[in-house]
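# Working through the structure, step by step
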Amino acid sequence: MKRILALLMALCLCCATTVTVFAADSTTSNEVDYLNYEFPADAVVLYQGVDGVIYQSEQKSAELASMTSDMTFNYVDFPAGHWTGTKTFTIENPHWMPFTTTYGTFKIESDYQSAEVHMILDNGMTTTYADKNVSISNNDIHFEFKSSAQNLNVKCFPTNTSNVYGIRAMCWLY
C-alpha cells in the first residue's frame, strides 16, 4: 500500500511540475500621457513637462472667471517695505483623486508696475508642479497637473518690490 501511495504521489508531483503557464503581455497601455494637453487658441506655453504645464491665455482667464464650482482660493500679502523672506500658504486641491486633472491660476496684484514674485507650487514632499517668476505684466499664469495630494503648498518670495507699494500673491485651484 505504501508503494502504491508513493507511486501516486510521485506521479502527481511529476505532472504538477511539468505544467507550464504562459502569460501574454497586454498590447494596450494604461499609462497617462502627461504631454498632451488641449490649449486655448491664444495660449503661450511657459513650461511643459511630464509633471504638468504652465501657460498664459486671455481666453482661459475669461472662461475661468465664470467658473465657481469646486474652486479653492488662498493668498499671501507682502506689505510695503516688509517683503524679505519666503511666505508659504496651503491651498486645498479640489481634484485630488487619482487620474483627475487640477487646473490652477496664479496672479499677483500691486500698484507697483514692476512687482515680481517667484512662485513654487508643490505637494509638500517631492513633487513640484510649478516654479515660475510672475510679474504684473504676466497677467494670469495658468497651470494643469495631476496630483493625489489633498493640500498643496504655494511658496512665494518677492524678487522685485517697492518700499511704497505692497504685493498680493493669489492662487486658485479648480
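Since this is a predicted model, take the numbers as computed values, not measurements.

Parameters at a glance
Residues numbered from 1 in each chain as written. Predicted model: local features only at pLDDT ≥ 70, side-chain atom pairs only at ≥ 80, totals over all residues. Heavy atoms only, no water. Helix = DSSP H or I, 4+ residues; strand = E, 2+ residues; numbered from the N terminus. Buried < 20%, exposed > 50% of the residue type's maximum accessible area, 1.4 Å probe, protein only. Contact = heavy atoms within 4.5 Å. Areas by Shrake-Rupley, 256 points an atom, 1.4 Å probe, with all protein chains shown as cover. Pairing = 2+ DSSP bridges. Axes fitted to C-alpha atoms, helices over the stretch in contact; angles between N-to-C directions. Phe/Tyr/Trp six-rings, centres within 6.5 Å; stacked < 30°, edge-to-face > 60°. Lys NZ or Arg CZ within 6 Å of the ring centre and 35° of its normal.

### A word on the overall build of the protein
Broken down by element type, the protein carries 2 helices and 10 strands. Classification of the 174 residues of the protein by burial places 34% in the buried group. Long-range contacts, defined here as pairs at least 24 residues apart, represent 71% of the contacts in the protein between residues at least 6 apart. In the form shown here, the protein has an accessible surface area of approximately 10900 Å², with 54% of it arising from carbon and sulfur atoms.

### Observations regarding the sheet that holds strand 3 (residues 72-78)
Pairing is antiparallel in the open sheet, where 6 strands are placed in the order 1-2-8-5-10-3. A strand with exactly one partner marks an edge of an open sheet, and here the two such strands are strand 1 (44-49) and strand 3. Averaged over all pairs of adjacent strands, the angle between their axes in this sheet comes to 15°, without regard to strand direction. Pairing of strand 3 with strand 10 (residues 167-173), which is carried by 7 bridges, proceeds in the antiparallel orientation. Looking at strand 10, one finds that Asn 74 is bridged to Cys 171.

### Some points on the environment of Ile 91
Among the structural elements, Ile 91 can be located in strand 4 (residues 87-92). When the C-alpha atoms of Ile 91 and Gln 150 are compared, they prove to be 8.7 Å apart, with 59 residues separating the residues in sequence. Beyond its immediate chain neighbours, meaning those up to four positions away, Ile 91 contacts Thr 72, Phe 73, Asn 74, Gln 150, Asn 151, Leu 152, Val 154, Cys 171, Trp 172 and Leu 173.

### A word on the packing of aromatic side chains
Enumeration according to the criterion identifies 4 aromatic pairs in this entry. Measuring from centroid to centroid gives 5.1 Å for Phe 73 and Trp 172, while their planes differ by 40°, and the two rings are tilted. Here the residue Phe 73 occupies a position in strand 3, and Trp 172 occupies one in strand 10, the gap between them amounting to 99 residues. Exposure remark for Phe 73: the relative accessible area of 40% places this residue in the partly exposed category. Ring centres 6.0 Å apart and planes at 20° place the aromatic pair Phe 143 and Phe 145 in the stacked group. The two residues Phe 143 and Phe 145 agree in class, both being buried. Members of the aromatic cluster, joined through ring pairs, are Phe 73, Tyr 75 and Trp 172. Directly above the ring of Tyr 75 sits Arg 168, whose terminal nitrogen or CZ lies 4.2 Å from the centroid.

From the geometry alone we can't say anything about function, so treat these as descriptive.
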